[in-house]
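# Structure at a glance
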Amino acid sequence: MFTSFIIFLCWGSFLNVVGYRLIRSIDLVFLRSRCNACKQTLTWYDLIPLLSWLSLRGKCRYCNVPISFLYPLIELLTATMLTALLVYVPEAYFFAYALFFSALIVVIRSDLESMLISRFTSLYLVPLGWLFAHLKMIPLSLWQSFTISIGAFFFLTAISWFFNKVTGKQGMGQGDIDLFTLIGAFTGVVGCWFTLLFASLTGSVIGIAYLLYTKQQINTRIPFGPFLSFGAMIYVLHAPTIIKLLLTK
Ligand SMILES: [Zn+2]
């Protein structure tokens, strides 16, 4: 378990790079990691997850510019969530869900950092969900994965359109709709409802608390992607319990 945790930390470190580069259209693979402020190429010991950030107290070794807390946060989140997958989800589903979680974690990172969700970690992965369903690598049939993802897309598009008509404001971003489509493909209909319920509840509670705390305007935009992502991950980890709770009420 400890070895897995360490491997997952390194995977989280890679996801940080993916999240940072995807929304800036920087080459994903061939460029060595470097400091975003002083462009100094980083050595192997600067790339050790968590420890390098802690030992440097969150500053670049070369130019002292603060390094975002998102780096250790994303590393820890990746390691925790993938370890939880190992514990709670049948082995046969681990690979597909690990990939799904990785996409969600990149979404959390990019949405927190810049309010952007790349289609490479949302809409473009939907066919992969269908493939995994077909290969029985997730507990959904191909038909379920296919129809629910498309249903999820049109459902949120309709809600967003309606909200816009009534209030004149932009409700949900296209990124959130793309993300919800992916969640539909990997979690099915109960997963979608749970995710939406979870994200709306936690999103409004935390959103209001944040606005009160920072004394910002009520129309300040708060990224919704992280709430959807957490909802979907919690559903995948505890699906049997959640289904039981929802269906016996
Ligand atoms: Zn630097």
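### Examining the overall build of the protein chain
Along the backbone of the protein chain there are eight helices and zero strands. Going residue by residue from the N terminus, the α and β elements of the protein chain occur as α-α-α-α-α-α-α-α. For the protein chain, whose C-alpha radius of gyration is 19 Å, the value lies close to the compact-globule estimate of 18 Å for 249 residues. With the principal axes as the frame, the protein chain shows a C-alpha extent of 55 × 45 × 30 Å.

### A look at the coordination of the zinc ion
In this structure, Cys 35 (SG), Cys 38 (SG), Cys 60 (SG) and Cys 63 (SG) serve as the protein donors to the zinc ion, at separations of 2.2 to 2.4 Å. Bound by four donor atoms, the zinc ion shows angles of 103 to 120° at the metal and therefore tetrahedral coordination geometry. If you list the donors of the zinc ion from N- to C-terminus, the spacing comes out as C-x2-C-x21-C-x2-C. Highlighted residues: Cys 38 in the loop between helix H1 (2-22) and helix H2 (51-55) and Cys 63 in the loop between H2 and helix H3 (70-88), separated in sequence by 25 residues.

### What to know about helix H5 (residues 126-134)
Of all the residues in H5, the buried ones are Val 126, Gly 129, Phe 132 and Ala 133. An end-on view of H5 places all buried positions within 115° of arc, on one side of the element. Residues of H5 that are buried in the fold lie against helix H4 (94-114), helix H6 (142-167) and helix H7 (174-214).

### A few points about H1
Every α-helix carries 3.6 residues per turn, so stepping three or four residues along brings you back to the same face. Here H1 contains 21 residues, and its C-alpha end-to-end distance of 30 Å stays within 8% of the 30 Å for a straight helix at 1.5 Å per residue. Summarising the contacts, the buried residues of H1 are in contact with H3 and H4.

### A short note on the domain arrangement of the protein chain
Domain parsing of the protein chain yields domain 1 (1-88) and domain 2 (91-249). Taken over C-alpha atoms, the centre of domain 1 sits 24 Å from the centre of domain 2. Taken residue by residue, the interface counts 21 residues in domain 1 and 22 residues in domain 2. Where domain 1 abuts domain 2, roughly 1,900 Å² becomes buried across the two surfaces, and 83% of that area is made up of carbon and sulfur atoms. When the area that domain 1 buries against domain 2 is broken down by residue, the three leading residues are Ile 23, Met 81 and Leu 85, summing to 31%. Here domain 1 and domain 2 share one salt bridge between them. The partner of Glu 113 in a salt bridge is Arg 24, with the nearest N and O atoms 3.2 Å apart. Viewed at the interface, domain 2 and domain 1 are joined by three residue pairs in polar contact (both at pLDDT 80 or more).

Rules behind the numbers
- Numbering of residues begins from 1 in every chain and follows the order in which that chain's sequence is written.
- Predicted model: local features are reported for residues with pLDDT of at least 70 only, side-chain atom pairs are reported and counted for 80 or more only, and whole-chain, interface and lining totals are derived from all residues.
- Excluded from the side-chain calculations are hydrogens and water; all other atoms, namely the structure's heavy atoms, are used.
- Helical segments are the DSSP runs of H or I of at least four residues, strand segments are the runs of E of at least two, and each set is numbered from the N terminus.
- Radius of gyration: over C-alpha atoms. The globule rule applied is 2.2 Å multiplied by the number of residues raised to the 0.38 power.
- Note on donors: an N, O or S atom is included if it sits within 2.8 Å of the metal, or within 3.2 Å for Na, K and Ca, and water is never included, so sites can look incomplete.
- Metal sites are grouped by the angles between bound donors: all angles between 85 and 135 degrees with four donors is tetrahedral, opposite donors over 155 degrees apart with the others between 65 and 115 is square planar for four donors and octahedral for six, and any other pattern is irregular.
- Exposed residues in this analysis have more than 50% of their type's maximum accessible area, buried residues have under 20%, and partly exposed residues fall in between, with area computed by a 1.4 Å probe over protein chains only.
- Note that the arc is defined by the directions from the helix axis to the C-beta atoms.
- The contact criterion used is simple: two residues touch if any of their non-hydrogen atoms lie within 4.5 Å.
- Here the expected span of a helix is defined as 1.5 Å times the quantity of residues minus one.
- Domain start and stop points were drawn from an automatic or database domain assignment.
- Defined here as a combined quantity, buried area equals the accessible surface (1.4 Å probe) lost by two parts on assembly, summed across both.
- Any carboxyl oxygen of Asp or Glu within 4 Å of a side-chain nitrogen of Lys or Arg constitutes a salt bridge here.
- Polar contacts, as used here, are pairs of N or O atoms within 3.5 Å; protein pairs need one atom able to donate a hydrogen and one able to accept it. Residues neighboring in sequence count only if both atoms are side-chain atoms.

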